[in-house]
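# Residue-level structural notes
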Amino acid sequence: MPKYCTHCGNEVNENAVVCVKCGCSIKPVNQVAEVNDTVSVGLVILAVLIPLFGIIYWPVKAKTRPKCAKACGIAAIVSWVVCFLFMMLAGGY
Ligand SMILES: [Zn+2]
């Protein structure tokens, strides 16, 4: 996929850091999103213990901390499904 200079629109190498045409620096697109988005173990455990928390946390933090939010959301759903299956099995069928 070709990359273009954000200043002059010139097509540049995808690994280039400086545009050869205008000399402006080219910021990697994905560098902006890397804002402290590490999966918090504490939040994942909290999501397992309180699935409702994880289910709410996922859409709220999906844009600011996508990795952490997804981990919490999945943990909450898995926890909820396991609880549900356990209750089904314990239900006496
Ligand atoms: Zn340029």
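Owing to the predicted nature of the structure, the values given are computational and were not obtained by experimental measurement.

## With respect to the overall build of the protein chain
A count of helices and strands for the protein chain gives 3 helices and 2 strands. Listed N to C, the secondary structure of the protein chain is β-β-α-α-α in terms of helices and strands. The buried share of the protein chain, reckoned over its 93 residues, is 16%.

## Here's the deal with helix H3 (residues 66-90)
Here H3 contains 25 residues, and its C-alpha end-to-end distance of 36 Å stays within 8% of the 36 Å for a straight helix at 1.5 Å per residue. Of all the positions in H3, only Cys68, Ala69, Ala71, Cys72, Gly73, Ala75 and Ala76 are classed as buried. Among the structural elements, helix H1 (41-49) and helix H2 (51-61) are those in contact with the buried residues of H3.

## Quick word on the environment of threonine 6
Residue placement: threonine 6 occurs in the loop between strand E1 (3-4) and strand E2 (11-12). The partly exposed category is assigned to threonine 6, around which 14 C-beta atoms lie within 10 Å.

## A look at the packing of H1 against H3
It is at 7 Å that the axes of H1 and H3 come closest, and there the two elements cross at 25°. Considering their axes alone, H1 and H3 lie roughly parallel with respect to each other. Where H1 crosses over H3, the two elements pack in a sense that is right-handed. Here Leu43, Val44, Ala47 and Val48 of H1 lie close against H3, whose contacting residues are Cys68, Ala71, Cys72, Ala75, Ala76 and Ser79. Here the residues of the contact of H1 with H3 sort into 9 nonpolar, 1 polar and no charged.

## Some details on the environment of serine 79
Following the sequence through the fold, serine 79 ends up in helix H3. Here serine 79 falls in the partly exposed class, since 18 other C-beta atoms lie within 10 Å of it. Taking the C-alpha atoms as reference points, serine 79 and alanine 47, 32 residues apart in sequence, are found 8.1 Å from one another. Among all residues touching serine 79, those that are not within four sequence positions of it are Val48 and Pro51.

## Some remarks on the nonpolar core
Residues Ala47, Tyr57, Trp58, Cys68, Ala69, Ala71, Cys72, Ala75 and Ala76 constitute the largest nonpolar core, which totals 9 residues. Sorting the residues of this core by element identifies H2 and H3 as the ones contributing at least two each. A per-element tally of this core places H3 first, with 6 residues. Excluding its chain neighbours within four sequence positions, the residues that come into contact with cysteine 68 are Asp37, Thr38, Val39, Ser40, Leu43 and Lys61.

## Thoughts on the environment of cysteine 5
As for its position among the elements, cysteine 5 is in the loop between E1 and E2. The spatial distance from the C-alpha of cysteine 5 to the C-alpha of serine 25 is 8.5 Å, given a sequence separation of 20 residues. Aside from chain neighbours lying at most four places away, what touches cysteine 5 is Asn10, Val12, Cys19, Lys21, Cys22, Cys24 and Ile26.

About the thresholds
- Residues numbered from 1 in each chain as written.
- Predicted model: local features only at pLDDT ≥ 70, side-chain atom pairs only at ≥ 80, totals over all residues.
- Helix = DSSP H or I, 4+ residues; strand = E, 2+ residues; numbered from the N terminus.
- Buried ≥ 20, exposed ≤ 12 C-beta atoms within 10 Å, placed from the backbone.
- Expected span 1.5 Å × (residues − 1).
- Contact = placed C-beta atoms within 7 Å.
- Axes fitted to C-alpha atoms, helices over the stretch in contact; angles between N-to-C directions.
- Parallel < 35°, antiparallel > 145°, perpendicular 65-115°, else oblique.
- Left-handed = near helix turned anticlockwise from the far one by under 90°.
- Nonpolar A, V, L, I, M, F, W, Y, C, P; charged D, E, K, R; others polar.
- Core = buried A, V, L, I, M, F, W, Y, C linked by C-beta atoms within 7 Å.

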